[in-house]
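Working through the structure, step by step
In case you want the letters, here they are:
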Amino acid sequence: VWLASIFVPGVYLVFLDSRVAHTISAMLMALFWQQLAFVGHDLGHNSVSHVRSKDYYWGGLIGNFLGGIGLTWWKSSHNTHHVTCNSVEHDPDIQH
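The paragraphs below set out a description of the structure included in this document.

Definitions and limits used
Residues numbered from 1 in each chain as written. Predicted model: local features only at pLDDT ≥ 70, side-chain atom pairs only at ≥ 80, totals over all residues. Heavy atoms only, no water. Core = buried A, V, L, I, M, F, W, Y, C linked by side-chain atoms within 4.5 Å. Buried < 20%, exposed > 50% of the residue type's maximum accessible area, 1.4 Å probe, protein only. Helix = DSSP H or I, 4+ residues; strand = E, 2+ residues; numbered from the N terminus. Contact = heavy atoms within 4.5 Å. Patch = residues over 30% accessible without salt bridge, like charges linked within 9 Å, V, L, I, M, F, W, Y side chains within 5 Å. Areas by Shrake-Rupley, 256 points an atom, 1.4 Å probe, with all protein chains shown as cover. Salt bridge = Lys/Arg side-chain N within 4 Å of Asp/Glu carboxyl O. Phe/Tyr/Trp six-rings, centres within 6.5 Å; stacked < 30°, edge-to-face > 60°.

As for the nonpolar core
In this structure, I6, M29, F32, L36, L43 and I62 together form the largest nonpolar core, which totals six residues. The biggest single contributor to this core is helix 2 (residues 19-44), with four residues. The residues contacting I62, other than those within four sequence positions of it, are L36, V39, G40, L43 and G67.

Examining a nonpolar patch on the surface
Residues W33, Y57, W58, L61, F65 and L66 make up a contiguous nonpolar surface patch of about 680 Å² in total accessible area. The biggest single contributor to the nonpolar patch is helix 3 (residues 52-67), with five residues. Structurally, the position occupied by L66 is in helix 3.

Some words on the packing of aromatic side chains
Going through the model one piece at a time under the given rule, you end up with three aromatic pairs. With a centroid separation of 4.9 Å and an interplanar angle of 45°, the aromatic rings of F7 and F32 are classed as tilted. Within this pair, whereas F7 is found in helix 1 (residues 2-14), its partner F32 is found in helix 2, the two being separated by 25 residues in sequence. Among the residues examined, F7 registers a relative accessible area of 33% and is labelled partly exposed. Geometrically, the ring pair formed by F32 and W33 is edge-to-face, given 5.2 Å between the ring centres and 75° between the ring planes. Here a set of aromatic residues connected by ring pairs shows up, and it is made of F7, F32 and W33.

Listed below in C-alpha cells is the structure:
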C-alpha cells in the first residue's frame, strides 16, 4: 500500500501540463525507487517473510526484473560488505 501510494500519484502527475506537477512527480518517483530498494535489501537478507524461498522469489522479482540488479550478485557482494565492512581493500561497496 505504501509503495502504491507513492507510485500512482507519481505516474499521474507526469501527464499534467505543469512544471510543478512534473517536479513533484520526479520527487515521488525517486522516493518510490529508493523505498523499493530498501524492500529489495530486506528481501536479500531474508528478513521480510523469514521464509528463504519466498524472500528469494520476491527479491528476484524486485531486484532482477524491476531494479536491474542480479539478486545472486547482490547477495554475494553485500554479504562480503558485511564481513569486511569499510575495508578499502576488501569491501566491494567501497570499491565501486
